[in-house]
Amino acid sequence: MTSKRQQGGCIESNKKKKKTNNCEEAAELCPVVRDENVRRTLKEAWTQKSHYTHGDLELDCLPFPHCIIKNFIHSEHFLVNLQRELFTLNFHTKSNDLYKFKQSDDLSKRTEPHIAGLRSALFGQFRLWLEEVLGVKLEPTVDISCAKYEYTDVLLCHDDELEGRRLAFILYLVPPWHSSDGGSLDLYTTDCHYQPQSVFKSLVPSWNTLILFEVSPVSFHQVSEVLSEDKCRLSLSGWFHGTSLERPPRHIEPPITRNPHIPKDETLLLEWINPLYLDISHQEHIQGEFEDNSEIQLKAFLREEKFSQVSEALQLAQIQWMRKGPANKRCYEAACVDTLPQCVSACWELLRSEAFFLLLSNFTGLRLHYLCPADDDDDDDDDDSYGENKNEEKKDEEATGSSNETAVQSKEPSTPQCCGELRRWSHGSYTLLHDGEAARAEYALDLILPFSCAGWQSECGGFTCYVANEEDEELLTVNPEDNSLALVYRDKETLKFVKYVNHKSNNDSSSKVFHDFSFVYYE
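Residues numbered from 1 in each chain as written. Predicted model: local features only at pLDDT ≥ 70, side-chain atom pairs only at ≥ 80, totals over all residues. Heavy atoms only, no water.

Participant: Explain the overall build of the protein chain to me, and be specific about the residues and the numbers.
Facilitator: Check the secondary structure of the protein chain and you find 13 helices and 26 strands. Within the span of the protein chain, comprising 523 residues, buried residues form 52% of the whole. For the protein chain, the share of sequence-separated contacts (at least 6 apart) that also reach a separation of at least 24 residues comes to 81%. For the protein chain, the accessible area works out to roughly 24600 Å², and carbon and sulfur atoms hold 48% of it. (Helix = DSSP H or I, 4+ residues; strand = E, 2+ residues; numbered from the N terminus. Buried < 20%, exposed > 50% of the residue type's maximum accessible area, 1.4 Å probe, protein only. Contact = heavy atoms within 4.5 Å. Areas by Shrake-Rupley, 256 points an atom, 1.4 Å probe, with all protein chains shown as cover.)

Participant: Kindly report on the pairing of strand β11 (residues 209–214), identifying the contributing residues and their values.
Facilitator: Most of β11 sits out of view: six of its six residues are buried. The side-chain alternation of β11 yields two buried faces, one formed by Thr209, Ile211 and Phe213 and the other by Leu210, Leu212 and Glu214. Note: strand β3 (residues 66–69) against β11, four bridges, orientation antiparallel. Across the sheet, residue Ile68 finds its bridge partner in β11, namely Ile211. The pairing of strand β8 (residues 165–172) with β11 spans six bridges and is classified as antiparallel. Residue pairing for β11: Ala168 is matched across the bridge by Phe213. (Pairing = 2+ DSSP bridges.)

Participant: Lay out the packing of aromatic side chains in plain terms, naming residues and giving numbers.
Facilitator: Applying the stated criterion across every chain, the model contains 25 aromatic pairs. Ring centres of Phe301 and Phe356 lie 6.3 Å apart, and the angle between their planes is 85°; on these two criteria the pair is classed as edge-to-face. With Phe301 in the loop between β14 (295–298) and α8 (304–313) and Phe356 in helix α10 (residues 354–364), the pair connects residues that are 55 residues apart, well separated along the chain. Take Phe356: its relative accessible area is 0%, and that puts it in the buried class. Geometry around Trp239 places Arg165 over its ring, the cationic atom sitting 3.5 Å from the centre. (Phe/Tyr/Trp six-rings, centres within 6.5 Å; stacked < 30°, edge-to-face > 60°. Lys NZ or Arg CZ within 6 Å of the ring centre and 35° of its normal.)

Participant: Give me the packing of helix α7 (residues 280–293) against α10: which residues, what numbers.
Facilitator: At their nearest, the axes of α7 and α10 sit 6 Å apart, and the two run at 60° to each other. Taken as axis vectors, α7 and α10 run oblique relative to one another. Residues Gln283, Ile286, Gln287, Phe290 and Glu291 of α7 form the contact with α10, whose participating residues are Leu359, Ser361, Asn362, Phe363 and Thr364. Class assignment for the residues of the contact of α7 with α10 results in four nonpolar, five polar and one charged. (Axes fitted to C-alpha atoms, helices over the stretch in contact; angles between N-to-C directions. Parallel < 35°, antiparallel > 145°, perpendicular 65-115°, else oblique. Nonpolar A, V, L, I, M, F, W, Y, C, P; charged D, E, K, R; others polar.)

Participant: So what's going on with the environment of Gly436? Which residues, and what values?
Facilitator: For Gly436, the position within the fold is in helix α13 (residues 435–439). Gly436 gets classed as partly exposed once you look at its relative accessible area, which sits at 36%. Sequence-wise, Gly436 and Arg250 are 186 residues apart; in three dimensions their C-alpha atoms are separated by 9.3 Å.

Participant: Outline the nonpolar core, listing residues and values.
Facilitator: Membership of the largest hydrophobic core comes to 49 residues, with the highest contact counts inside it found for Ile69, Phe72, Leu86, Phe126 and Leu236. Here the element with the most residues in this core is helix α5 (residues 113–134); it accounts for 10 residues. Among all residues touching Ile69, those that are not within four sequence positions of it are Cys30, Val32, Val33, Asp56, Leu57, Phe126, Trp129, Asn208, Thr209 and Leu210. Leu340, Phe356, Leu368 and Phe517 belong to the second-largest nonpolar core, a separate cluster that totals 47 residues. (Core = buried A, V, L, I, M, F, W, Y, C linked by side-chain atoms within 4.5 Å.)

Participant: Describe helix α4 (residues 76–87), and please don't skip the residues or the numbers.
Facilitator: End to end, α4 covers 17 Å across 12 residues, agreeing with the expected 16 Å (1.5 Å per residue, within 8%). Of all the residues in α4, the buried ones are Phe78, Leu79, Asn81, Leu82, Glu85 and Leu86. In this structure, the buried residues of α4 make contact with β4 (91–95), α5, β6 (144–149) and β13 (233–241). (Expected span 1.5 Å × (residues − 1).)

Participant: Talk me through unusual backbone geometry; I want residue IDs and the actual numbers.
Facilitator: Residue Leu62 is joined to Pro63 through a cis peptide bond whose omega torsion reads 5°. Counting through the fold element by element, Pro63 comes out in the loop between β2 (57–60) and β3. For the bond running from Gly325 to Pro326, omega is 0°, close enough to zero to count as cis. The residue Pro326 is located in the loop between β15 (321–324) and β16 (330–335) in this model.

Participant: Account for the sheet that holds strand β22 (residues 464–468), naming residues and giving values.
Facilitator: Within the open sheet, the three strands sit side by side as β23-β22-β25. Their pairing is antiparallel. At either margin of the open sheet sits one strand with a lone partner, and together these are β23 (474–478) and β25 (494–498). Each strand axis lies, on average, 20° off the axis of its neighbour in the sheet, ignoring direction.

Participant: Could you give me a rundown of the environment of Phe497, with the residues and numbers involved?
Facilitator: If you trace the backbone, Phe497 turns up in strand β25. Taking relative accessible area as the criterion, Phe497 reaches 6% and is therefore assigned buried. Excluding residues within four positions of it along the chain, Phe497 makes contact with Asn96, Asp97, Thr431, Leu432, Leu433, Phe463, Thr464, Cys465 and Val467.

Participant: Outline the environment of Leu432, listing residues and values.
Facilitator: Within the secondary structure layout, Leu432 lies in the loop between β20 (430–431) and α13. Contacts of Leu432, omitting those with residues within four sequence positions, involve Asp97, Leu98, Leu156, Cys157, Ala327, Asn328, Lys329, Glu437 and Phe497.

Participant: If you had to explain a negative patch on the surface to someone new, which residues and values would you point to?
Facilitator: Residues Asp435, Glu470, Glu471, Asp472, Glu473 and Glu493 make up a contiguous surface patch of negative charge. Mapped onto the secondary structure, Glu471 falls in the loop between β22 and β23. For Glu471, a relative accessible area of 48% puts it in the partly exposed group. (Patch = residues over 30% accessible without salt bridge, like charges linked within 9 Å, V, L, I, M, F, W, Y side chains within 5 Å. Salt bridge = Lys/Arg side-chain N within 4 Å of Asp/Glu carboxyl O. Lys, Arg positive; Asp, Glu negative; His and termini not counted. Charge placed at Lys NZ, Arg CZ, Asp CG, Glu CD.)

Participant: I'd like a rundown of the pattern of salt bridges, residues and numbers included.
Facilitator: A complete count under the given rule lists 25 salt bridges for this structure. Here Arg250 ties to Glu161 by a salt bridge, and the two come within 4.0 Å at their closest N and O atoms. Linking Arg250 in the loop between β13 and α6 (267–272) with Glu161 in the loop between β7 (154–158) and β8, this pair joins segments that are 89 residues apart in sequence. The structure contains a network of salt bridges with shared partners spanning Asp159, Glu161, Arg247 and Arg250.

Participant: Tell me about the pairing of β16, and name the residues and values.
Facilitator: The element β16 is largely enclosed, with a buried count of six among its six residues. Here β16 shows no split at all, with Arg330, Tyr332 and Ala334 on one side and Cys331, Glu333 and Ala335 on the other all buried. Bridge count between β15 and β16: four bridges; the pairing is antiparallel. For Trp321, the partnering residue across the bridge sits in β16 and is Ala335. Once β15 ends, the chain turns through five residues before running back antiparallel as β16. Two elements, β16 and β20, share two bridges in a ladder whose sense is antiparallel. Directly across from Arg330, in β20, lies its bridge partner Thr431. Where β16 lies against strand β19 (residues 417–425), two bridges are found, and the strand directions are antiparallel. In the strand pairing of β19, Ala334 is matched with Arg423.

Here it is in structure tokens:
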């Protein structure tokens, strides 16, 4: 359910309606929707947030109010023809951090008889029924599309909230479906901050079943990954529009702790890093390439024996892994640093060491060490980061400062810092873009150093994708590759996510799980 609200779905003239109705096949709704007693009792139950069931209709208020109506369309003949019309539509592959599936164009203007007939029934008779049940005024806006979910397709945790959306609906037109096929509609509980906690209920798709729920600050749900290789999860979905439910202030996560380097000298580099990358002339070549592209991958970065030691140690049971959430932002495992084996801990210290900060300065030209030349010492440094020119934006910020004192303060050297994690990626892991990340975006150098990913295929997911903020433009993809150090400089308009690791990762590839050190460095 990812289509945007469409404008222009206004009430048409009687003349146009009459013409349209001539080519529509009437969609008769199930008897339970036409039952006055059911409607009256359901209204009371919805108001009191209590459970109610009658025949093919069920209202369940946990984890949030949702209504399930089986046999929603009365005529099986109508449904078969509706399904046939839907399969003739053009479907477009939709893929980003949140989802992967195929979606039709907006159906608000389609003239196929059964599509038009269902649309009229939903946004006519059924909308009026909903107004009575909920006691709210709903707009006649038509917001409906068709989605096909096939093997490994998924829609991750979200709440559907967008201005004007009041009720979400899904009508399933699927073959016989089982929980083992995946593709369930999972409903999440929430914590005291209105953040999703865990899946409370999973609704398996069923032919001619309609699911309806209020869009609210707690309506977190997902479509779990489709695991069947030969079934298509076909559904119609959209929203009824009206006055949105009141939302409390969004929870702001505490910032991640940043630390300056730890006092470790260059002997650590000699012990761990491929001698090629310690050669000054090679460092100059790397810096030139990095300044041209704002990214670089350094293959065989660690000494082979050190890389092998760490790779083996990462399989040890002594490492404690914590699940990172909430699910509308991220889902992966991070290591508890105090449980790391000695060689893994030493690699962690390497990436935080003073010597490594200086090495990164030499690789990138960024001021990550006091021995690195200041910007004023550079000759017309013209580095571009992803999305914007670094120096031009910094000049703009100084120009808009409130006083000369502010501008002077902005030139004072800051202490370079970093934050980092050791992460484990397996089936179901991902990170998502979110508003909080965009609000806090700043200049930063990303480092990714993968382990245990021999044979990993990009079609399994797990790659890091850089995108322009509020745009679909993909700027860069970094695939996991053993012992290949990735460095990416990003600006305030560049965001990143790790693509959902899908079921293909459990197949015959050499790696079902991989690890990486992920660090971010700030000048």
